[in-house]
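Each chain, written out:
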Amino acid sequence: MNDDELRARIHDALTRRLGAGLAGAPIAAAPRPAPIGSFRDHPSHATYVTVVNGGDACVIEPGVACDHCGYCKSHGH
């Protein structure tokens, strides 16, 4: 069964259930989601520019040396 056959069956079932009000109504295709740009456009990829590591220790785990992974600036995203 393809999409058109499925839409027709659903339309027929709704017409039987709701009455003849839908009998001549066209079957609309499902809306498609808006395309998203780059993953970098998502807010979860924003970084805090005010977080500055002034030493050699990690901001998140001070007992560990900082390896400049950026986790402290981006919540790990």
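For every chain, the first residue of the written sequence is number 1, and numbering continues from 1 onward in sequence order. Residues qualify for local features only when their pLDDT is at least 70, as the model is predicted, and side-chain atom pairs are given and counted only at 80 or more; totals for whole chains, interfaces and linings, by contrast, use all residues. Think of the side-chain values as coming from all heavy atoms in the structure, minus any hydrogens and water.

(A) Examining the layout of surface pockets more closely. A volume near 280 Å³ is recorded for the largest pocket. In the cavity and pocket records, a cavity denotes points on a 1 Å grid over the protein atoms alone where a 1.4 Å probe fits but cannot get out, a pocket denotes an open set with protein on both sides within 12 Å along at least 5 of 7 lines, and lining residues are residues with an atom within 4 Å of a point. Looking at the largest pocket, it is lined by 17 residues, and the ones nearest its centre are Cys 66, His 68, Cys 69, Gly 70 and Cys 72. Classification convention: Asp, Glu, Lys, Arg as charged; Ala, Val, Leu, Ile, Met, Phe, Trp, Tyr, Cys, Pro as nonpolar; all other residues, Gly among them, as polar. A breakdown of the residues in the lining of the largest pocket according to their chemical character gives eleven nonpolar, three polar and three charged. Grid points are joined across faces, edges and corners, and a volume is the space filled by probe spheres set on the points.

(B) View of unusual backbone geometry. Located in the positive-phi region is His 68, a residue other than glycine, with phi close to 55°. Secondary-structure assignment places His 68 in the loop between α1 (3–18) and α2 (71–74). Using a 1.4 Å probe on the protein chains alone, a residue whose accessible area is under 20% of its type maximum counts as buried, one over 50% counts as exposed, and one in between counts as partly exposed. The class for His 68 is exposed, based on a relative accessible area of 67%. By definition, any uninterrupted DSSP run of H or I lasting at least four residues is a helix, any uninterrupted run of E lasting at least two residues is a strand, and each is numbered from the N terminus.

(C) Main features of the state of the cysteines. Pairs of cysteine sulfur atoms within 2.5 Å are what we label disulfides. Tallying each qualifying case throughout the model produces zero disulfides. Of all cysteine sulfurs, the one in Cys 66 lies closest to Cys 58, which takes part in no disulfide; the gap is 6.1 Å. For Cys 58, a relative accessible area of 22% translates into the label partly exposed. Here Cys 69 stays free of any disulfide, with the sulfur of Cys 58 as its closest cysteine sulfur at 6.3 Å.

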